[in-house]
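Letter by letter, the chains look like this.
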Amino acid sequence: MPPTMAKPKTDPNYKVIAENRRARYDYAIEDDLECGIMLQGSEVKSLRENGANIAESYASVEDGELWLVNGYIPPYEQAKTWGHEERRRRKLLVSRRELARLWSDTRRKGYTLVPLVLYFNHKGIAKLKIGIAKGKKTQDKRATEAKRDWQRQKQRLLKDHG
């Protein structure tokens, strides 16, 4: 009797809404952290329908709270009167210990908090993954790009001749 193979589980709730692909190019990501995000009802509906943009946004620790600044969530058409402001500051939810670590990293070590991915997790709850990052210089960006190109070229060679 052949062994039964487990079927890959596809999660219907997990969905990437917005990804900041530029962040990995502009910053050296040291660590990342998943945090909750406080949203209004029309914002959640808009995210499920339209998507969002976190490319020009950043996170900051102010008055003992973590905030997402300049994140864009398009307006939800059916919520005309009770809609939301598109680029309002949104509070991010992390534990006190993580908040203290983020505060010390940004104040003392000169790191930046960059949003990487906005998504719905397996429970259908909106989450934001932020990266603790340091800005790259131009030569670092070139070195990363050269390394990436070499990896791509190496894969092509292995595929063709291997």
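Higher on the page you've got the structure.
This one's a predicted model, so the numbers in the text were calculated from it and none came from an experiment.

Undergrad: Outline the packing of aromatic side chains, listing residues and values.
TA: Taken as a whole and judged by the stated rule, the model has one aromatic pair. Ring centres 5.6 Å apart and planes at 45 degrees place the aromatic pair Tyr-14 and Tyr-119 in the tilted group. Of this pair, Tyr-14 sits in the segment before strand 1 (15–19) while Tyr-119 sits in strand 6 (residues 112–120), placing them 105 residues apart in sequence. Judged by relative accessible area, Tyr-119 falls into the buried class, the value being 6%. Lying over the aromatic face of Phe-120, Arg-48 brings its terminal NZ or CZ to 4.0 Å of the ring centre. Lying across the ring of Tyr-111, Lys-134 places its NZ or CZ 4.7 Å from the centre.

Undergrad: So what's going on with the side chain of Ser-42? Which residues, and what values?
TA: Along the chain, Ser-42 falls in helix 2 (residues 41–49). Discounting chain neighbours no more than four positions away, the residues touching Ser-42 are Tyr-76, Ala-79, Trp-82, Gly-83 and His-84.

Rules of the game
- Residues numbered from 1 in each chain as written.
- Predicted model: local features only at pLDDT ≥ 70, side-chain atom pairs only at ≥ 80, totals over all residues.
- Heavy atoms only, no water.
- Phe/Tyr/Trp six-rings, centres within 6.5 Å; stacked < 30°, edge-to-face > 60°.
- Helix = DSSP H or I, 4+ residues; strand = E, 2+ residues; numbered from the N terminus.
- Buried < 20%, exposed > 50% of the residue type's maximum accessible area, 1.4 Å probe, protein only.
- Lys NZ or Arg CZ within 6 Å of the ring centre and 35° of its normal.
- Contact = heavy atoms within 4.5 Å.

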